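An overview of the molecular structure
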There are 2 protein chains.
Amino acid sequence: MKISLPTTHLPRVLIIGGGFGGIMLAKSLRNQPFQVVMFDRHNYHTFQPLLYQVATGGLEPDSIAFPLRKMFARQRNFIFRVAEVQRIDPEQRTVHTSIGEVSYDYLVIATGSYTNFYGMADLNAHAMSMKTIPEALDLRSMILQHFEAAHQERLVEERDQLMEFIVVGGGPTGVETAGALAELKRHVLPHDYPELDLRRMEIHLIESGGELLGAMSDKSSSDAKKALEDMGVHVWLSTRVTSYDGEVVTTDIGQTFESATVIWAAGIKGCTIEGLAPEAQDRGGRFAVDAYNRVRGHERIFAVGDVALMRTEAYPNGHPQVAPVAMQQGTWLAANLLSLAKGAPLKPFEYFDKGTMATIGRNRAVIDFGKLHLKGLIAWLGWMFVHLLYLIGTRNKLVVFTNWIWSYFTYDKGTRLIIRPFRRQTQLRSPEPAKT
Amino acid sequence: MKISLPTTHLPRVLIIGGGFGGIMLAKSLRNQPFQVVMFDRHNYHTFQPLLYQVATGGLEPDSIAFPLRKMFARQRNFIFRVAEVQRIDPEQRTVHTSIGEVSYDYLVIATGSYTNFYGMADLNAHAMSMKTIPEALDLRSMILQHFEAAHQERLVEERDQLMEFIVVGGGPTGVETAGALAELKRHVLPHDYPELDLRRMEIHLIESGGELLGAMSDKSSSDAKKALEDMGVHVWLSTRVTSYDGEVVTTDIGQTFESATVIWAAGIKGCTIEGLAPEAQDRGGRFAVDAYNRVRGHERIFAVGDVALMRTEAYPNGHPQVAPVAMQQGTWLAANLLSLAKGAPLKPFEYFDKGTMATIGRNRAVIDFGKLHLKGLIAWLGWMFVHLLYLIGTRNKLVVFTNWIWSYFTYDKGTRLIIRPFRRQTQLRSPEPAKT
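Heads up: these notes are all about the structure in this document.

Rules used throughout
- Residues numbered from 1 in each chain as written.
- Chains lettered and ligands numbered in written order.
- Predicted model: local features only at pLDDT ≥ 70, side-chain atom pairs only at ≥ 80, totals over all residues.
- Heavy atoms only, no water.
- Helix = DSSP H or I, 4+ residues; strand = E, 2+ residues; numbered from the N terminus.
- Rg over C-alpha atoms; globule rule 2.2 N^0.38 Å.
- Buried < 20%, exposed > 50% of the residue type's maximum accessible area, 1.4 Å probe, protein only.
- Contact = heavy atoms within 4.5 Å.
- Areas by Shrake-Rupley, 256 points an atom, 1.4 Å probe, with all protein chains shown as cover.
- Buried area = accessible area lost by both parts, 1.4 Å probe.
- Salt bridge = Lys/Arg side-chain N within 4 Å of Asp/Glu carboxyl O.
- Pairing = 2+ DSSP bridges.
- Least-squares fit on C-alpha atoms with pLDDT ≥ 70 in both.
- Axes fitted to C-alpha atoms, helices over the stretch in contact; angles between N-to-C directions.
- Parallel < 35°, antiparallel > 145°, perpendicular 65-115°, else oblique.
- Left-handed = near helix turned anticlockwise from the far one by under 90°.
- Expected span 1.5 Å × (residues − 1).
- Arc of directions from axis to C-beta.
- Phe/Tyr/Trp six-rings, centres within 6.5 Å; stacked < 30°, edge-to-face > 60°.
- Core = buried A, V, L, I, M, F, W, Y, C linked by side-chain atoms within 4.5 Å.

1. Brief notes about the overall build of chain A
Of the regular secondary structure elements, chain A holds 12 helices and 24 strands. In terms of C-alpha radius of gyration, chain A reaches 23 Å, essentially the compact-globule figure of 22 Å for 436 residues. Along the first, second and third principal axes, the C-alpha atoms of chain A reach 75 × 55 × 45 Å. The buried share among the 436 residues of chain A stands at 58%. For chain A, the proportion of contacts with a sequence separation of at least 24, taken over those separated by at least 6, is 65%. Accessible surface, chain A as shown: approximately 17900 Å² in total, 53% of it carbon and sulfur.

And the structure:
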């Protein structure tokens, strides 16, 4: 079945994915001679940098998501469909999706990335990931359900297991999640759970590399480690998690952890789609692209953001898989598509590195901007400012700002509802049969 | 298995349910010589009067819910457990729950009510109800998914069915929901769905009685009807829905409607629990209680709110099943429990009717307060003020207020994400098999 779209004489740019790359590309094509069609599994854009705050009860999911139709309501050449893309047919210039098939003139793959468990099936089955809003909500429910369940455990070991949290991966997501858990332990949970001995709650951050925030400066890495340790987080460097059966985490240094909650932030891989030439694949599930974001072996197919791997002199292993790269590639590609349509020469992509940052907690953050390093309150304010700036939607900015101000003065986190029927819980810990 | 609770020499008041009745009772027992134990299926209190705004994209679910543990964090004699109560054993003075059993000195049933389909299995299977946050989120997703699906329908009849909304029940919930849908049609959906002809979206409000808002004055009833009709809602009075197979609604006046979305707000029944004496049951799934909220046939069991039916001279068929009754009964019962413990005489419950109100839309609402009738802007402001006043939590008040101000000036509704994996959808309308 063909997907029914408004007819037009304009060439069709088909964008798969409404992440940072996809939306910047679509916005940059406003009022340009293209029909812009976007597909996404969800009807909303997710501001992934703040997902960890949803998972740890600091923000409501609605405030870090934005409906894609609303985003482009005033853009006449934009068409949106909720659809899951199944296969690309480059010969026929068509894409097959869950709602039918559609042809394209130019195809842009902006599907982003998902959690990479590096083939470890047990971790895939038992560890929690945090790349989508439903996942973040599941994690929030799971954390809270484990504290509820701890009241019913008579054995200290069982209670400790429910209150032991393992965060795997020392990148920004892992650091920020561990910090947020430490704040929950310190300021929020003791009030909520007076019957539990919250001093027994433990947070471990496990990183396989030799430092946290490997992409940042040595100074920021060590500042972040110190800040986390001040907050009571146990940081394990040069330690690799090797298995997790839902109860025990094993590592390559022999250390084991008994934990009911493992949060996996240790890696991502590109969301590839079937149908492209074999040479299009590069490592990490990413598509090899040239300096114009054109996928290797294809004339009319492009890729931007996390799923694209562009090897340049400055970045021989590709750019970092972060939002600014996706956004800049999206904007840049829009200009190149215009040139292509006009027959003008294309311009090779140039990445402008705006610096990197990570927040650890209240008044604690680190920022690298060139040679400049910031930490503490000023970095934390900078982090909040930048995230509010890039968060899409004025209503969202207002709600997030309200939450942050509220949390700052009350030391509280507002949204800790167990909302979803959380399924994994029942697999992990089936309730004991009633005894008399 | 026994539920493990802190030991105490104080008599235990066991409250089943964290709705308006339960929380007012528990709050009123603060610093009193009782151990107060509360069970609820959820870890949060739901502000049900605003659920319809969650279902229609006006508010995020987190802003109308409040974690019960947080609510009572400073109340030392309060203990909470997430548990589903299965059975009461009045002989043994115990309650059996999903997490074990527990004894009580005084038991208070404050379980509220759920949707009453009056035994109509097809409506139960296909119509949407709106009594909990998960239900409201499902409804929000369903409404939006139907508009998404409408793009793929080639037949006008099929598209119309997806854009036809039937609200059953002309009480406050039905009126408010129909009004909110009319505002979506007018201000929001045309921007989101430029490819659809939104003029073809129809909203029908069906009421079996002779007027809307039967509990309110004739003036308010007719004002509400006029306001809804001004907004394009088709109001059907003295019309009873008799069946719905997921596609066609039939009524007792012969009129049928082809609709993919039926919202059922036509009745509730009390959430009873097994184990009580036969004479405890009154009509509508409610427990018969005396003037002290004591359940008939039981010495130490009480019921408050929607699940209780207290027949008095002024209210021979019981009080209305609304929040103020539950709140006042909760507070009143606290005083009576104290008297009971002291051996002092109990006081019969007296209901102070603070009036009733319903909102229809922007600048449109009706309020009855004794002989005073308000409508229009002033009633609408009054409605908002009262709802903000009773909404629990300062953060929630701030977020809801932000949303309302935002919506007022932008004519927009902020939160229209399809977040839940919506299961009924796939049963109702399986996607057409791909044709070539």
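We are not done yet, so read on.
2. Section: the interface of chain B and chain A
Each side of the interface is counted separately: chain B has 54 residues, and chain A has 54 residues. Where chain B abuts chain A, roughly 5000 Å² becomes buried across the two surfaces, and 52% of that area is made up of carbon and sulfur atoms. Broken down residue by residue, the surface that chain B buries against chain A is led by M1, R69 and R395 of chain B, which jointly contribute 15%. Summed over the shared surface of chain B and chain A, the number is 10 salt bridges.

3. Examining the pattern of salt bridges
Here the structure, examined in full by the defined rule, presents 34 salt bridges over all chains. Residues K219 of chain A and D223 of chain A are paired through a salt bridge, measuring 3.1 Å at the closest nitrogen-oxygen approach. Placement of both K219 of chain A and D223 of chain A in helix 8 (residues 218–230) is noted, with a separation of four residues, approximately one turn of the helix. R311 of chain A serves as the salt-bridge partner of D282 of chain A, at 2.9 Å between the closest nitrogen and oxygen. Of the two residues, D282 of chain A is situated in the loop between strand 18 (268–270) and strand 19 (287–289) and R311 of chain A in the loop between strand 21 (308–310) and helix 9 (323–342); the sequence distance between them amounts to 29 residues. Relative accessible area serves as the criterion here: at 41%, R311 of chain A is assigned to the partly exposed category. Through salt bridges that share partners, K70 of chain A together with D192, D412 and R416 of chain B make up one connected network.

4. Describing the pairing of strand 7 (residues 94–97) of chain B
Residues and elements named next belong to chain B. Because side chains alternate across strand 7, one face comprises the buried residues T94 and H96, and the other comprises V95 and T97, equally buried. Relative to strand 7, strand 6 (residues 85–89) is paired through four bridges, and the arrangement is antiparallel. Paired with I88 across the bridge in strand 7 is V95. Taking the residues between adjacent antiparallel strands as the criterion, strand 6 and strand 7 are bridged by four residues, where R93 takes a positive phi near 55°.

5. Side note on the relation of the copies chain B and chain A
The two copies are related by a screw motion: chain B maps onto chain A through a turn of 180° and a shift of 0.0 Å along the axis, at an RMSD of 0.0 Å. Read as a symmetry element, the transformation amounts to a two-fold axis. Rotation axis and chain B: the residue whose C-alpha lies nearest the axis is V399 of chain B, separated from it by 3.0 Å. Same-surface contact between copies: 100% of interface residues of chain B are shared with the interface of chain A.

6. Concerning the sheet that holds strand 16 (residues 256–258) of chain B
Residue and element names in this part refer to chain B. Read across the sheet, three strands follow the order 14-15-16 without closing on themselves; strand pairing throughout is antiparallel. Of all strands in the sheet, those with a lone pairing partner are strand 14 (241–244) and strand 16, marking the two edges. Here the strands of the sheet are splayed against their neighbours by 20° on average, with no regard to which way each runs. Bridge count for strand 15 (residues 248–251) against strand 16 is three bridges, and the pairing is antiparallel. If you follow V249 over to strand 16, its bridge partner there is F257.

7. As for the packing of helix 1 (residues 20–28) of chain A against helix 9 of chain A
Residues and elements named next belong to chain A. Two numbers describe how helix 1 lies on helix 9: the axes approach to 7 Å, and their chain directions differ by 30°. Here helix 1 lies roughly parallel to helix 9, going by the angle between them. Two packed elements cross with a definite hand, and for helix 1 against helix 9 that hand is right-handed. Here helix 1 contributes F20, G21, M24, L25 and S28 to the contact with helix 9, which in turn contributes A323, A326, M327, G330, T331, L333, A334 and L337.

8. Concerning helix 10 (residues 376–390) of chain A
All names here are of chain A. Look at helix 10: 21 Å from first C-alpha to last across 15 residues, which is about the 21 Å you get at 1.5 Å a residue. For helix 10, the complete set of buried residues consists of A379, W380, W383, M384, H387 and L388. One face of helix 10 carries all of its buried residues, which in axial projection span an arc of 165°. Facing away from the buried side of helix 10 by over 90 degrees, the exposed positions are I378 and F385. Those residues of helix 10 hidden inside the fold are in contact with helix 2 (51–55), helix 7 (172–192), strand 22 (356–361), strand 23 (364–369), strand 24 (372–375) and helix 11 (394–410).

9. A word on the packing of aromatic side chains
Inspection of the entire model under this criterion finds 24 aromatic pairs over all chains. Ring plane angle 65° and centroid distance 5.9 Å describe the contact between Y315 of chain A and Y351 of chain A, whose orientation is recorded as edge-to-face. One end of the pair, Y315 of chain A, is in the loop between strand 21 and helix 9; the other, Y351 of chain A, is in the loop between helix 9 and strand 22, with 36 residues separating them in the sequence. Judged by relative accessible area, which is 23%, Y315 of chain A ranks as partly exposed. Its relative accessible area of 15% is what places Y351 of chain A among the buried residues. Taking 5.6 Å as the distance between ring centres and 85° as the angle between the ring planes, the aromatic pair formed by W332 of chain B and F349 of chain B counts as edge-to-face. With W332 of chain B in helix 9 (residues 323–342) and F349 of chain B in the loop between helix 9 and strand 22 (356–361), this residue pair connects regions lying 17 residues apart in the sequence. Aromatic ring contacts, followed pair by pair, group F147, F165 and Y193 of chain A into a single cluster.

10. Quick notes on the nonpolar core
Residues and elements named next belong to chain A. Judged by nonpolar contacts, the single largest core of 70 residues is most densely connected at F147 and L228. Among the elements that take part in this core, helix 5 (residues 133–150) stands out by supplying nine residues, more than any other. Not counting chain neighbours up to four residues away, the residues in contact with L228 comprise V175, A178, G179, L205, L212, V233, V235 and I360.

11. Quick word on unusual backbone geometry
Residues and elements named next belong to chain A. Positive phi, normally seen in glycine, also occurs at Y118, with a value near 50°. By the element assignment, Y118 lies in the loop between strand 10 (113–115) and helix 4 (121–126). Even without a glycine there, the phi angle at S238 is positive, about 50°. With respect to the helices and strands, the residue S238 is situated in the loop between strand 13 (234–236) and strand 14 (241–244).

12. With respect to the sheet that holds strand 15 (residues 248–251) of chain A
Residue and element names in this part refer to chain A. Read from one edge of the open sheet, three strands run 14-15-16, paired in antiparallel fashion. Each edge of the sheet is formed by a strand with only one pairing partner; in this case those strands are strand 14 and strand 16 (256–258). Here the strands of the sheet are splayed against their neighbours by 20° on average, with no regard to which way each runs.

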